[in-house]
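Residues per chain are reported as follows:
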Amino acid sequence: MVVSPSPTPELLVEHSDYILTITLNRPDRLNAISGPMLSALSKTLQEANIDRDVRCVILTGAGRGFCAGLDLKDQMSGGGDGSLQPGRGGYQLFDLHNSPPIVINRMDKPMICALNGAAAGYGMDLALGCDIRIASEHAKMGAVFAKRGVLPESGGCWYLPRLLGWARAAEVAFLGDVLDAQRSLELGLVNKVVPHDQLMTEARAWATKIANNAPLSVQATKRMMRLGMEETFEAAVDHIYLQLLPLFQSEDFKEGLAAFAERREPVFKGR
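If you check an unreviewed UniProt entry, the protein chain appears there as Enoyl-CoA hydratase from Tepidiforma bonchosmolovskayae. What UniProt states about the protein chain under its Sequence similarities (unreviewed entry) heading is, verbatim, "Belongs to the enoyl-CoA hydratase/isomerase family."

What follows is the structure in structure tokens.
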């Protein structure tokens, strides 16, 4: 196990059955991201990405909100990491090398967002960065950037057109509306909406199915999907072939073939 315990109670980390569950834990502030949470989340995700005992990550929030965004009030008062204090320079808030949105985008391990409540600003961008979003019936997407004089700075401008197409992305970004769970489902921002008390059960069921598949295969597939978004078809085919060769040599490939021939469920080891 590579993932270390969280250094702050504002971020809860639980690991079982190859699934790592990360919970944003500032329910009194609707899980607005503080400085300690930023660094802890990045560190935990980076460790999860190289931990062979982690095959899927669930990201969720405590209480009635998923994440209200960056806690700018905390940052300005000096209660966070100080990156917005006068004289420090605003760009220091967005460490482009280790910030959670960048780390999430680089993840080979699949990520499920269990959207338990409102996601706004930075929180919405975190949710969009996950591969799959399962929403509680109480969930909301607060795409209100244009009403705050800013823009989706942490991935939203990149994700929205790719997830929704240009026209739908423009609708979401330019109107600045709060989207409830059903509207988010209609637009394609979330994969499924479930009753609130079934959210974590459903998210874990999806994560378990993913974790039961060959992890090297899942991770290679995600890597090629991510890179393929920026490649020509021919380049993608060449890169996929290079990823396929080591998979043919893996123990899991042999196990998959044996399980198919023997008509049983495979047991993959990630080797």
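A. Just the packing of aromatic side chains, in detail. In this structure the tally under the stated criterion is 2 aromatic pairs. Judged by centre distance (5.2 Å) and plane angle (90°), the rings of Trp158 and Tyr159 are edge-to-face. Of note, Arg55 hangs over the ring of Tyr18, and the distance from its end group to the ring centre comes to 3.8 Å.

B. Spotlight on helix α5 (residues 156-164). Inspection of α5 places Gly156, Tyr159, Leu160 and Leu164 among the buried residues, and these make up the whole buried set. Burial along α5 is one-sided: seen end-on, the buried residues are contained in an arc of 100°. Positive backbone phi, approximately 85°, marks Gly165, located one or two places after α5.

C. Highlighting the sheet that holds strand β10 (residues 192-194). Ordered in space as β1-β2-β3-β5-β7-β10, the 6 strands form an open sheet in which the pairing is mixed. In this open sheet, the two strands that pair with only one neighbour each are β1 (11-16) and β10. With direction set aside, neighbouring strand axes in the sheet form an average angle of 20°. Sheet topology places strand β7 (residues 132-136) next to β10; 3 bridges connect them, and they run parallel. Residue pairing across strands places Ile134 opposite Lys192, the latter belonging to β10.

D. Local environment of the pattern of salt bridges. Under the definition given, this model contains 15 salt bridges. Close ionic contact of Arg29 with Asp71 constitutes a salt bridge, the shortest N to O distance being 3.2 Å. Separated by 42 residues along the polypeptide, Arg29 in the loop between β2 (19-24) and α1 (35-50) and Asp71 in the loop between β4 (65-67) and α2 (72-77) bring together distant segments of the chain. For Arg29, a relative accessible area of 33% translates into the label partly exposed. Across the salt bridge formed by Arg264 and Glu262, the nearest N and O atoms sit 2.6 Å from each other.

E. The arrangement of the nonpolar core in detail. Counting residues in hydrophobic clusters, the biggest one holds 47 residues, and the most contacted among them are Leu115 and Met141. Per element, the largest residue contribution to this core is 6 residues, and it comes from α1. Among all residues touching Leu115, those that are not within four sequence positions of it are Phe66, Ala127, Ile134, Ala135, Ser136, Ala139, Met141, Val190 and Leu199. By size, the runner-up hydrophobic cluster in this structure holds 13 residues, among which are Ile19, Ala114, Ile134 and Ile210.

F. Spotlight on unusual backbone geometry. Of note in this structure, Asp17 is not a glycine but carries a positive phi near 50°. One non-glycine residue, Arg263, adopts positive backbone phi at about 55°. Relative to the helices and strands, Arg263 is located in the segment after α11 (251-262). Its relative accessible area of 80% is what places Arg263 among the exposed residues.

G. Just the environment of Asp125, in detail. When you line up the elements, Asp125 lands in helix α4 (residues 122-129). Its relative accessible area of 1% is what places Asp125 among the buried residues. Taking the C-alpha atoms as reference points, Asp125 and Cys67, separated by 58 residues in sequence, lie 9.9 Å from one another. Not counting residues up to four positions away in its chain, the partners in contact with Asp125 are Phe145, Pro152, Glu153, Ser154, Gly155 and Gly156. Engagement of the side chain of Asp125 in a polar contact is seen with the backbone nitrogen of Ser154, the distance being 2.9 Å. In this structure the side chain of Asp125 is engaged in a polar contact, spanning 3.1 Å, whose partner is the backbone nitrogen of Gly156.

Conventions adopted
- Residues numbered from 1 in each chain as written.
- Predicted model: local features only at pLDDT ≥ 70, side-chain atom pairs only at ≥ 80, totals over all residues.
- Heavy atoms only, no water.
- UniProt positions renumbered as here; feature names shortened; annotations may be inferred.
- Phe/Tyr/Trp six-rings, centres within 6.5 Å; stacked < 30°, edge-to-face > 60°.
- Lys NZ or Arg CZ within 6 Å of the ring centre and 35° of its normal.
- Buried < 20%, exposed > 50% of the residue type's maximum accessible area, 1.4 Å probe, protein only.
- Helix = DSSP H or I, 4+ residues; strand = E, 2+ residues; numbered from the N terminus.
- Arc of directions from axis to C-beta.
- Pairing = 2+ DSSP bridges.
- Axes fitted to C-alpha atoms, helices over the stretch in contact; angles between N-to-C directions.
- Salt bridge = Lys/Arg side-chain N within 4 Å of Asp/Glu carboxyl O.
- Core = buried A, V, L, I, M, F, W, Y, C linked by side-chain atoms within 4.5 Å.
- Contact = heavy atoms within 4.5 Å.
- Polar contact = N/O pair within 3.5 Å; in protein donor to acceptor, adjacent residues only side chain to side chain.

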